[in-house]
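Below are the chains, spelled out letter by letter.
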Amino acid sequence: QVQLVESGGGLVQAGGSLRLSCAASGGTFSSYAMGWFRQAPGKEREFVAIINWSGGSTYYADSVKGRFTISRDNAKNTVYLQMNSLKPEDTAIYYCAADRDPWARINRQFYEYDYWGQGTQVTVSS
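The present account deals with the structure reproduced in this document. (Residues numbered from 1 in each chain as written. Predicted model: local features only at pLDDT ≥ 70, side-chain atom pairs only at ≥ 80, totals over all residues. Heavy atoms only, no water.)

Let us look at the environment of Gly 15. Checked against the element boundaries, Gly 15 lands in the loop between β2 (10-13) and β3 (18-25). What makes Gly 15 exposed here is its relative accessible area of 55%. Along the sequence, Gly 15 and Ser 54 sit 39 residues apart, while their C-alpha atoms lie 30 Å from each other. Those residues in contact with Gly 15 that sit more than four places away from it in its chain are Ser 85 and Leu 86. (Helix = DSSP H or I, 4+ residues; strand = E, 2+ residues; numbered from the N terminus. Buried < 20%, exposed > 50% of the residue type's maximum accessible area, 1.4 Å probe, protein only. Contact = heavy atoms within 4.5 Å.)

Turning our attention to the sheet that holds strand β1 (residues 3-7). In space, the 4 strands of this open sheet follow the order β1-β3-β8-β7, with antiparallel pairing throughout. Two strands in the sheet have a free side with no partner beyond their single neighbour: β1 and β7 (68-73). Taking the axes of each pair of neighbouring strands and ignoring which way they run, one obtains an average angle of 15° across the sheet. Pairing of β3 with strand β8 (residues 78-83) involves 6 bridges; the strand directions are antiparallel. Residue Leu 20 lies in a different strand from β8, and its bridge partner there is Leu 81. (Pairing = 2+ DSSP bridges. Axes fitted to C-alpha atoms, helices over the stretch in contact; angles between N-to-C directions.)

Turning our eyes to something else, we now look at unusual backbone geometry. The phi dihedral of Asn 77 is positive, around 55°, even though this residue is not glycine. With respect to the helices and strands, the residue Asn 77 is situated in the loop between β7 and β8. The partly exposed category is assigned to Asn 77, whose relative accessible area is 27%. Its identity as a non-glycine residue notwithstanding, Ser 85 has a phi of 50°, on the positive side. Mapping Ser 85 onto the fold places it in the loop between β8 and β9 (92-99).

It is worth spelling out the state of the cysteines at this point. Within the structure shown, the criterion is met by 1 disulfide. The side chain of Cys 22 participates in a disulfide bridge whose partner is Cys 96; the two sulfur atoms lie 1.9 Å from each other. On the sign convention where negative means left-handed, the S-S torsion of about 45° between Cys 22 and Cys 96 marks this disulfide as right-handed. Here the residue Cys 22 occupies a position in strand β3, and Cys 96 occupies one in strand β9, the gap between them amounting to 74 residues. (Disulfide = S-S within 2.5 Å.)

Glancing now at the side chain of Glu 6. Note on placement: Glu 6 falls in strand β1. One buried charged side chain, Glu 6, makes no salt bridge at all; its nearest oppositely charged neighbour is Arg 45, positioned 7.5 Å away. A polar contact is formed between the side chain of Glu 6 and the backbone nitrogen of Gln 118, at a distance of 3.0 Å. Polar side-chain contacts of Glu 6 include one of 2.9 Å to the backbone nitrogen of Gly 119. Apart from the residues within four sequence positions on either side, Glu 6 is in contact with Ser 21, Cys 22, Trp 36, Tyr 94, Tyr 95, Cys 96, Gly 117, Gln 118, Gly 119 and Thr 120. (Lys, Arg positive; Asp, Glu negative; His and termini not counted. Salt bridge = Lys/Arg side-chain N within 4 Å of Asp/Glu carboxyl O. Polar contact = N/O pair within 3.5 Å; in protein donor to acceptor, adjacent residues only side chain to side chain.)

This paragraph deals with the pairing of β7. Looking along a regular strand, one sees side chains alternate from face to face of the sheet. What you see with β7 is a clean split: Phe 68, Ile 70 and Arg 72 sit on the buried side and Thr 69, Ser 71 and Asp 73 on the side with no burial. Pairing of β7 with β8, which is carried by 6 bridges, proceeds in the antiparallel orientation. Note on β8: the bridge partner recorded for Arg 72 is Val 79. Adjacent in sequence and paired antiparallel, β7 and β8 are bridged by 4 residues, among which Asn 77 carries a positive phi angle near 55°.

Here it is as structure tokens:
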């Protein structure tokens, strides 16, 4: 059983940056691909990015490509989401998720992930 805890959310002005972190415990972190999702009020949970077990493969939603970067540090059991050039439409609760397939590359559906964090709020003001 893997426990995931996100941090780093907050309030930022449009054009600003934030870095989210997701700390994992209770499992072998490098055995999982890791993803980030987000959910805005009244909307469905939306895929943001995924990184495979080694960090050698990443994949992004078109809406964040070129602005967000996913990375991981297996020694620290942590996955990150660097968010630059933030827009008001990026406002959402951001969740990290673990996929038991360490080689997963383009899993974009929430049901493909096995473990979830509690989320961290990101608010971008205009």
